[in-house]
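Spelled out, the chains give:
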Amino acid sequence: MIPREVQEHLKALVRIEEVVGEFVQLKRRGKDYVALCPFHDERTPSFSVSPRLGIYKCFGCGRAGDAIGFLKEHERLSYEDALRWLARKYNVDLKETEKDPGLQAEESRRESLYVLNEFALKFFRERLHMEPPVGYAYLKERGLSDTVIEKFQLGYAPAGRYDLRDALKQAGYSEELALQLGLLKRWEDTSEVYDAFRDRVIFPIHSLTGRVIGFGGRLLRKSDSAPKYLNSPESEIYVKSRTLYGLHLARRAIIQADNCYLAEGYMDVIALHEAGIENVVASSGTSLTEEQIKLLRRFTNKVTLLYDGDRAGILAALRGADLMLEKGLQVRVVLLPEGEDPDSFSRKVGAAAFAAFLEAEARDIVGFKASLLLEQAGRDPLRRAEALRSVLQSIARIPDSFARNELAIHLARMAEMEERTVLYELHKARRAFLEQYPADAPSEIPETISKSQANISSAGPSESDFPEERALLRWLILYGREPMQYYAAHNALGVDVCHRTTVWKFVRQNLSSDNYTFLCPEGEVTIGLLESYYEQNLTEESAFEYLKNRLPEEAKETIIRLCADAYDTVSEGWNKRFGVEVTHEKDFISSNTLHLLNALREERVRHYLKQCRDELRTVTHDEQLTEILNRIRAWEETKKELAQELGRVVLE
C-alpha cells in the first residue's frame with residue numbers, strides 16, 4: 001500500500017500538461033493546451049488540457065479526468081500503478097511496504113504478464129555479458145555502443161533449451177503464462193516445455209510508457225529450419241498492430257522535430273539512435289496499420305519513410321503511403337542507396353553525413369510516386385495515363401481539399417498536361433474513393449458544425465440527464481465562495497431590502513427551504529462535501545480540488561467533465577488589441593445564481609406535472625380527479641411565475 005500522505009504529496013507535484021504531454025503533442029491556446037484526442041479519431045483538435053484546473057477534457061468524445069485518470073484510461077493502469085508511474089516521473093519515493101512473495105498469486109492477470117516479461121528481460125540482459133559473450137560480440141560488430149545497448153535494454157538468449165524455463169520455475173513463475181507470452185514453447189510429440197528464444201540477440205518491445213510487452217529475437221547462427229527473426233505472439237498486453245518499436249524513446253524527439261522517421265526493423269531504429277537521430281520508430285516488418293498511424297498522429301502529422309533503395313523497399317514505401325495520406329499525414333520518403341539499410345549506411349558514411357543525407361534526400365511521397373511511375377511509363381501514352389490515374393488515386397485520399405488541388409496542379413506540370421484536365425480527373429477519383437470507402441473515408445464535416453454533432457457516435461458518457469442540477473453543482477464548485485446580493489421582502493417602510501451573502505449560503509438556504517433532494521447520482525454526495533468545505537472555510541485547496549480528492553470515482557469523473565466546460569474561449573487580450581469587451585460568467589454572479597436556481601425549480605415543476613398527468617390515467621373517483629386537477633393548476637401557476645423570472649413566455 002502507498003501511504004496517504006505520500007499520495008497527497010505526489011498529487012501536489014503533478015502537472016497535468018507534463019503527464020499528458022508524454023503521450024500527445026500539446027499546443028498552447030490561451031491559458032490551456034489543445035491536441036488531437038488520443039481516445040478517438042479526429043482531424044481537428046477537440047482535446048483540451050487545463051493546467052489551472054489540473055484536468056483534461058475532450059469536447060468530441062466526452063472523456064475527461066485528471067492526470068491519474070488519464071493514465072488509467074490511456075494506459076489501462078490501476079490506481080496504484082498510475083501513482084507508481086507518476087512517482088517514477090517525478091522521482092518520488094512511494095515508501096511502499098515490501099510485498100510478501102505469497103501475494104504474487106493475487107496480482108491481476110494483466111499485471112502478472114508484465115511482471116513475467118520484466119523477469120525475462122532481466123534474464124536476457126544478464127546473459128548478454130556472460131562468458132562467452134556471443135550476443136555482446138555480435139552487437140559490437142554491428143557498431144553499437146554500450147550506451148545504446150543499455151538504452152534499448154538489449155539482451156541475449158542462451159543456446160540451451162531450458163535455461164529460461166528453469167529460471168522461471170526456480171523463481172516460482174507460472175509456466176502457463178510464460179507459454180502464452182511466447183517465452184516458452186511445447187514440443188508437439190512429447191509436450192515437454194522448452195525455451196522459445198535460443199541463441200538469439202533479444203530486442204525488448206516496450207509500450208508507450210516503457211513497460212516490456214514482448215520480445216524480438218535475431219538468430220546468430222545460420223539455420224534452414226529456424227526463422228532469422230522470432231517475435232513474441234500477440235497477448236493481452238502486446239498487440240502488434242497497435243505497437244511501434246522505439247516509440248517510448250522517440251516521442252519527445254518526434255514532438256521537438258515535428259517529424260518521425262519510420263523504418264522497417266529493430267536494427268534500423270537502433271542504428272539511427274547511434275547516429276544521434278532519435279525521432280525514429282519501426283513497424284517491425286508489418287504493413288502499417290490504422291492504429292499505428294493514429295499513434296503517430298498524437299505526436300506529429302509529418303512522417304518520413306525510410307526504406308532500402310531496392311524494389312522491395314520502394315514497394316514497401318508506396319504500400320503504406322496511401323493509408324497515411326488518407327489519415328491526414330504529410331508523408332515524405334528517403335530511399336537509401338541500393339544494397340544499403342540504415343544500419344549499414346550510417347556506419348559507412350558516419351553519423352553527421354548520414355543525418356545530412358536524410359534531410360537532403362527526403363522527397364514528398366506523391367511527387368516521388370509520380371516521378372517513379374512516369375519514368376517507368378516512358379512515352380507510352382496508355383502507360384502514362386495509368387500512372388497518372390494511380391497517382392491521382394493516392395491524392396484523392398487526402399482529406400485537405402487545398403492540399404489535393406495543389407498536388408494535382410503540381411502533377412499536371414510534371415506530366416505536361418492541362419491543369420483543368422488533371423483537376424477534373426482528381427474530382428472523379430475523389431468521388432470514387434468516397435463511394436468505395438464510405439465508412440472509412442475522411443470526414444468532410446464543415447468546421448461550423450459542432451464537434452459533438454460530428455462525433456455523435458463516439459464513446460463517452462452523456463451529461464444530458466439532470467442538466468439543471470449539474471449546472472448548479474458546477475456553479476457552486478467554481479463560485480460558491482463568491483459574494484452576491486439579492487433583494488428580499490419589503491421592510492416596515494415598504495422598501496425592498498438588499499441582502500449580501502455568498503453564492504453557497506444563498507443556494508444552500510433556498511435548497512433547504514424547498515426541501516430539495518438531488519436526483520442526479522453525484523448530487524447529494526457532492527452537496528455534502530461542499531457543505532463541509534464551505535462551512536469550515538477551507539482555503540488550502542479549491543473546492544474543485546477538494547472534491548476531486550474525495551469523491552467516488554464515477555462522481556469525480558462527472559464533476560471533472562462539468563468543470564472542464566468552464567474553459568475560457570476568448571482571450572482577455574482582445575480588449576487591448578481590438579477594443580472588444582470580453583465578459584466572463586463570473587461578472588454576473590448574482591443574476592446567474594438566481595437564474596440557475598429558478599431553472600432548477602422549473603425542471604422540478606415539470607417533473608411534478610408529469611407525475612400528476614400520469615396519475616390521471618389511473619383515476620377511478622371524481623374526488624381523486626378533482627384533487628389531481630387542482631394540483632396541476634397550482635403547478636402550472638408556479639411554472640408561469642418561474643418562466644417570467646427566467647425571461648421566458650409560457651404559451652397557453
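Because the structure is a prediction, the values reported are computed rather than measured. (Residues numbered from 1 in each chain as written. Predicted model: local features only at pLDDT ≥ 70, side-chain atom pairs only at ≥ 80, totals over all residues. Heavy atoms only, no water.)

1. Some remarks on the overall build of the protein
In terms of helices and strands, the protein carries 28 helices and 18 strands. Relative to its full complement of 652 residues, the protein shows a buried share of 46%. Carbon and sulfur atoms make up 49% of the accessible area of the protein, which totals about 34,000 Å². (Helix = DSSP H or I, 4+ residues; strand = E, 2+ residues; numbered from the N terminus. Buried < 20%, exposed > 50% of the residue type's maximum accessible area, 1.4 Å probe, protein only. Areas by Shrake-Rupley, 256 points an atom, 1.4 Å probe, with all protein chains shown as cover.)

2. Considering the sheet that holds strand β16 (residues 363-364)
Read across the sheet, five strands follow the order β13-β12-β14-β15-β16 without closing on themselves; strand pairing throughout is mixed. Whereas interior strands pair on both sides, the edge strands pair on one side only; in this sheet they are β13 (280-282) and β16. As paired strands, strand β12 (residues 260-263) and strand β14 (residues 302-307) are joined by three bridges and run parallel to one another. In the strand pairing of β14, L262 is matched with L305. (Pairing = 2+ DSSP bridges.)

3. Some points on the nonpolar core
If you look at the biggest cluster of nonpolar residues, it comprises 78 residues, and the most contacted ones within it are F47, L86, V281, L305, I365 and I395. No other element matches helix α16 (residues 365-377), which puts seven residues into this core. Apart from residues no more than four positions distant in its own chain, V281 is found in contact with L244, Y245, G246, L247, A250, I254, C260, Y261, L262, A263, V269 and L296. Listed in part, the 61 residues of the second largest apolar core include F152, L184, V280 and F357. (Core = buried A, V, L, I, M, F, W, Y, C linked by side-chain atoms within 4.5 Å. Contact = heavy atoms within 4.5 Å.)

4. Regarding the confidence of the model for the protein
Overall, the prediction assigns the protein a mean pLDDT of 81, with 86% of residues at 70 or greater. Confidence drops under pLDDT 50 across residues 100-107; counting only partners more than four residues distant or on other chains, this segment forms four contacts. pLDDT under 50 marks residues 439-464. Its contacts with residues more than four places away, or in other chains, come to 39 contacts. (pLDDT = per-residue confidence, 0-100.)

5. Quick look at α16
Taking 1.5 Å as the rise per residue, α16 with 13 residues should run 18 Å; its terminal C-alpha atoms sit 18 Å apart, in good agreement. With respect to burial, α16 is a largely interior element, 10 of its 13 residues being buried. Of the positions making up α16, those classed as buried are I365, V366, G367, F368, K369, A370, L372, L373, L374 and A377. Of the residues that open α16, the one with a side-chain oxygen 3.1 Å from the backbone nitrogen of V366 is D364. (Expected span 1.5 Å × (residues − 1). Polar contact = N/O pair within 3.5 Å; in protein donor to acceptor, adjacent residues only side chain to side chain.)

6. Some remarks on the sheet that holds strand β10 (residues 212-219)
What the four strands build is an open sheet, ordered β6-β9-β10-β11; its pairing is antiparallel. Both outer strands of the open sheet, β6 (155-157) and β11 (229-231), are each paired with one neighbouring strand and no more. Each strand of the sheet is rotated relative to its neighbour by a mean of 35°, with strand direction disregarded. Examined bridge by bridge, β6 and strand β9 (residues 200-206) share three bridges and lie antiparallel to one another. Following the sheet pairing, G155 is matched in β9 by I202. Against the sheet, helix α11 (residues 266-274) contacts β9, β10 and β11, and its axis sits at roughly 80° relative to β9. (Axes fitted to C-alpha atoms, helices over the stretch in contact; angles between N-to-C directions.)

7. Quick look at the side chain of E17
Its location among the elements puts E17 in helix α2 (residues 16-20). Once you skip the residues sitting within four places of it in the chain, E17 turns out to touch L26, Y33, V49 and P51.

8. With respect to unusual backbone geometry
Most peptide bonds adopt trans geometry, and most residues besides glycine take a negative phi value. Cis geometry marks the peptide bond from E131 to P132, where omega comes out at -10°. Residue N91 is not a glycine yet carries a positive backbone phi of 55°. Along the chain, N91 falls in the loop between α4 (79-90) and α5 (109-128). One non-glycine residue, D199, lies in the positive phi region at around 50°. Tracing the backbone shows D199 in the loop between β8 (193-195) and β9. Owing to a relative accessible area of 11%, D199 belongs among the buried residues under this scheme.

9. Here's the deal with the packing of aromatic side chains
Tallying each qualifying case throughout the model produces 24 aromatic pairs. Geometrically, the ring pair formed by F23 and F70 is tilted, given 5.7 Å between the ring centres and 50° between the ring planes. Separated by 47 residues along the polypeptide, F23 in the loop between α2 and β1 (27-29) and F70 in helix α3 (residues 67-75) bring together distant segments of the chain. The two residues F23 and F70 agree in class, both being buried. Their ring planes at 25° and their centres at 5.5 Å tell us that F47 and Y56 sit as a pair that is stacked. (Phe/Tyr/Trp six-rings, centres within 6.5 Å; stacked < 30°, edge-to-face > 60°.)

10. Concerning the side chain of T300
Relative to the helices and strands, T300 is located in the loop between α12 (290-297) and β14. At a separation of 2.8 Å, a polar atom in the side chain of T300 contacts the side chain of D258. Only 3.1 Å separates the side chain of T300 from the backbone nitrogen of K302, close enough to count as a polar contact. Excluding its chain neighbours within four sequence positions, the residues that come into contact with T300 are Q25, I254, D258, N259, C260 and L329.

11. Digging into the packing of helix α1 (residues 4-13) against α4
Look at α1 against α4: their axes get within 10 Å of each other, and the N-to-C directions meet at 60°. Overall, the two elements α1 and α4 adopt an arrangement that is oblique. Two packed elements cross with a definite hand, and for α1 against α4 that hand is left-handed. Residues Q7, L10, K11 and L13 of α1 form the contact with α4, whose own contacting residues are Y79, L83, L86, A87 and Y90. Its residues placed into classes, the contact of α1 with α4 shows seven nonpolar, one polar and one charged. (Parallel < 35°, antiparallel > 145°, perpendicular 65-115°, else oblique. Left-handed = near helix turned anticlockwise from the far one by under 90°. Nonpolar A, V, L, I, M, F, W, Y, C, P; charged D, E, K, R; others polar.)

12. Remarks on helix α22 (residues 503-513)
Turning to α22, its buried residues are V503, W504, F506, V507, N510 and L511. Down the axis of α22, the smallest arc covering the buried residues is 170°, so these residues share one side. Counted as exposed and oriented over 90 degrees from the buried face of α22: Q509 and S513. Among the residues trailing α22, N515 stands out with phi positive, at a value near 55°. (Arc of directions from axis to C-beta.)

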